[in-house]
Amino acid sequence: LEPDKSIKLENLKLINQLIDEDVNITYATARSLITAKQVIGDINFKLPVIVQNGTFILSPKGDMILGNYLGDSILDTVKDYDISPIVYSQIGKKTYFSYIKDNMSAGVKAFVDDHLDDPRNHPVNTYEDLYEGDILLIDDYGKLKPLYDLFKEDYYAVFDQEMYSHDWWLEVMSPDASKANAIKYLKQKLQCDEVVVFGDGKNDIEMLKRQTIAVL
């Protein structure tokens with residue numbers, strides 16, 4: 001992506017040309033399907049897509065193919081650290097992100113302000129109102145690092161400085177959820193002999209290590 005999160009027109013045309021020629025192309029993203037569509041624009045993907053860091057594999061129209069849910073809730077632990085989370089949930093074809101509207105860190109508020117018109121936006125009043133699902137924490141490095149150390153052995157945890165806002169993000173997902181695992185599933189399902197991948201984020205490292213051809 002360009003710095004403004006767009007795709008160059010010549011790249012968009014080339015990708016569509018390759019898809020029309022039956023080259024198997026799809027994407028793996030930390031974004032939800034809704035926010036990914038805002039970026040991919042008029043690319044006519046035909047294959048299943050990998051969203052939310054591999055938590056879900058969906059059809060391009062949003063039908064569920066595979067879901068790796070977090071399972072047991074970690075919200076009580078997060079609450080003990082006085083951190084207000086964003087919780088992603090997939091219910092049917094609909095995705096929600098819920099958060100406690102009267103208890104937001106500066107990073108969470110900036111995220112919410114940037115998504116005011118997002119149909120997934122679901123403010124709640126208490127921890128008990130939050131949906132079960134993947135956890136996103138946006139806060140200071142010093143507050144998030146202890147939680148990362150706590151969760152990284154038992155869950156798929158990505159702790160990094162967000163590329164565009166430069167806020168520190170900690171995402172906690174099912175141990176089965178990763179771009180690498182989702183790509184492995186699609187590779188078998190589509191009976192591909194090799195996979196070419198490229199990426200530039202910390203959540204791409206495992207994917208780049210495990211695939212046949214990796215482009216940095």
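Not measured: the values here are computed from a predicted model. (Residues numbered from 1 in each chain as written. Predicted model: local features only at pLDDT ≥ 70, side-chain atom pairs only at ≥ 80, totals over all residues. Heavy atoms only, no water.)

## Some words on the overall build of the protein
Worth spelling out the cut-off: Under the scheme used here, helices are H or I runs from DSSP no shorter than 4 residues and strands are E runs no shorter than 2 residues, and both carry numbers assigned from the N terminus. Our radius of gyration looks at C-alpha atoms and nothing else; its globule reference is 2.2 Å times the residue count to the power 0.38. Residues count as neighbours in contact if any of their non-hydrogen atoms are within 4.5 Å of one another.
In terms of regular secondary structure, the protein is built from seven helices and 11 strands. By the compact-globule yardstick of 17 Å for 216 residues, the protein fits well, its C-alpha radius of gyration being 17 Å. Along the longest, intermediate and shortest principal axes, the C-alpha atoms of the protein span 50 × 35 × 30 Å. In the protein, 56% of the contacts between residues at least 6 apart in sequence involve partners at least 24 apart.

## Things to note about the pairing of strand β7 (residues 134-139)
The condition that has to hold: Working definition: with a 1.4 Å probe on protein chains only, accessible area under 20% of the residue-type maximum means buried, over 50% means exposed, and in between means partly exposed. A pair of strands is considered paired only if DSSP assigns at least 2 bridges between the two.
With respect to burial, β7 is a largely interior element, six of its six residues being buried. Of the two faces of β7, the one lined by D134, L136 and I138 and the one lined by I135, L137 and D139 are each fully buried. Two strands pair when backbone bridges link them, and β7 and strand β9 (residues 168-173) are joined in this way by five bridges, in the antiparallel orientation. For L137, the partnering residue across the bridge sits in β9 and is L170.

## What about the packing of aromatic side chains?
By convention here, two paired aromatic rings are described through the distance between centres and the angle between planes. Spelled out, the test is: Two aromatic rings, drawn from Phe, Tyr or Trp (for Trp, its six-membered ring), form a pair once their centres lie within 6.5 Å of each other, and the interplanar angle then sorts them: stacked below 30 degrees, edge-to-face above 60, tilted otherwise.
The full count for this structure, using the stated rule, is 10 aromatic pairs. Judged by centre distance (5.0 Å) and plane angle (70°), the ring pair of Y27 and F45 falls under edge-to-face. One end of the pair, Y27, is in the loop between α1 (9-20) and α2 (33-40); the other, F45, is in the loop between α2 and β1 (49-51), and 18 residues separate them in sequence. Comparing Y27 with F45, the two get one shared label, buried. Here the aromatic rings of F97 and F111 are separated by 5.4 Å at their centres, their planes lie at 80°, and the arrangement is edge-to-face.

## So, the side chain of N121
For clarity, the threshold we go by: In protein, a polar contact requires one atom able to donate a hydrogen and another able to accept it; more generally it is a pair of N or O atoms within 3.5 Å, and residues adjacent in sequence count only if both atoms are side-chain atoms.
Among the structural elements, N121 can be located in strand β6 (residues 121-124). Separated by 3.2 Å, the side chain of N121 and the backbone oxygen of H115 make a polar contact. Setting aside chain neighbours within four positions, we find N121 in contact with F97, Y99, V112, H115 and L116.

## Quick look at a negative patch on the surface
Short version of the rule: What goes into a patch is any residue over 30% in relative accessible area without a salt bridge, connected to like charges within 9 Å or, for nonpolar side chains (Val, Leu, Ile, Met, Phe, Trp, Tyr), within 5 Å. Exposure was quantified through the Shrake-Rupley algorithm and a 1.4 Å probe, taking into account, for residues, occlusion by the shown protein chains and nothing else. For this analysis, a salt bridge means a side-chain nitrogen from Lys or Arg found within 4 Å of a carboxyl oxygen belonging to Asp or Glu. The positive count covers Lys and Arg only, the negative count covers Asp and Glu only, and His and the chain ends enter neither. The atoms used to mark charge sites are NZ of Lys, CZ of Arg, CG of Asp and CD of Glu.
Judged by side-chain charge, D76, D80, E128 and D129 come together as a negatively charged surface patch. Along the chain, the position of D76 falls in helix α3 (residues 75-80).

## Details of the pattern of salt bridges
Following the criterion strictly, the structure yields six salt bridges and no others. For K109, the salt bridge is made with D113, and the minimal N-O distance between the two is 2.9 Å. Placement of both K109 and D113 in helix α4 (residues 106-113) is noted, with a separation of four residues, approximately one turn of the helix. For D113, a relative accessible area of 40% translates into the label partly exposed. Linking K179 and D204 is a salt bridge whose minimum nitrogen-to-oxygen distance equals 2.6 Å.

## Thoughts on α4
Here is the rule we go by: Here, the arc refers to the directions that run from the helix axis to the C-beta atoms.
Listed in full, the buried residues belonging to α4 are G107, V108, F111 and V112. Summarising the axial view, the buried residues of α4 lie within an arc of 135°, below the 170-degree limit, and thus occupy one face.

## A word on the nonpolar core
Counted only if it meets this: What makes a nonpolar core is a set of buried Ala, Val, Leu, Ile, Met, Phe, Trp, Tyr and Cys residues whose side-chain atoms join them at distances within 4.5 Å.
Of all hydrophobic cores here, the largest spans 21 residues; its most connected members are I74, I135, L137 and L170. At the level of secondary structure, the elements contributing two or more residues to this core comprise α3, β7, α5 (141-151), β8 (156-161) and β9. Examining the composition of this core, we find that four residues originate from one element, α5, more than from any other. With residues up to four places along the chain from it excluded, the contact list for L170 reads I135, L136, L137, L144, L147, Y148, A157, V158 and F159. Counting residues in each nonpolar core, the second largest holds 12 residues, with L12, A36, F45 and L58 among its members.

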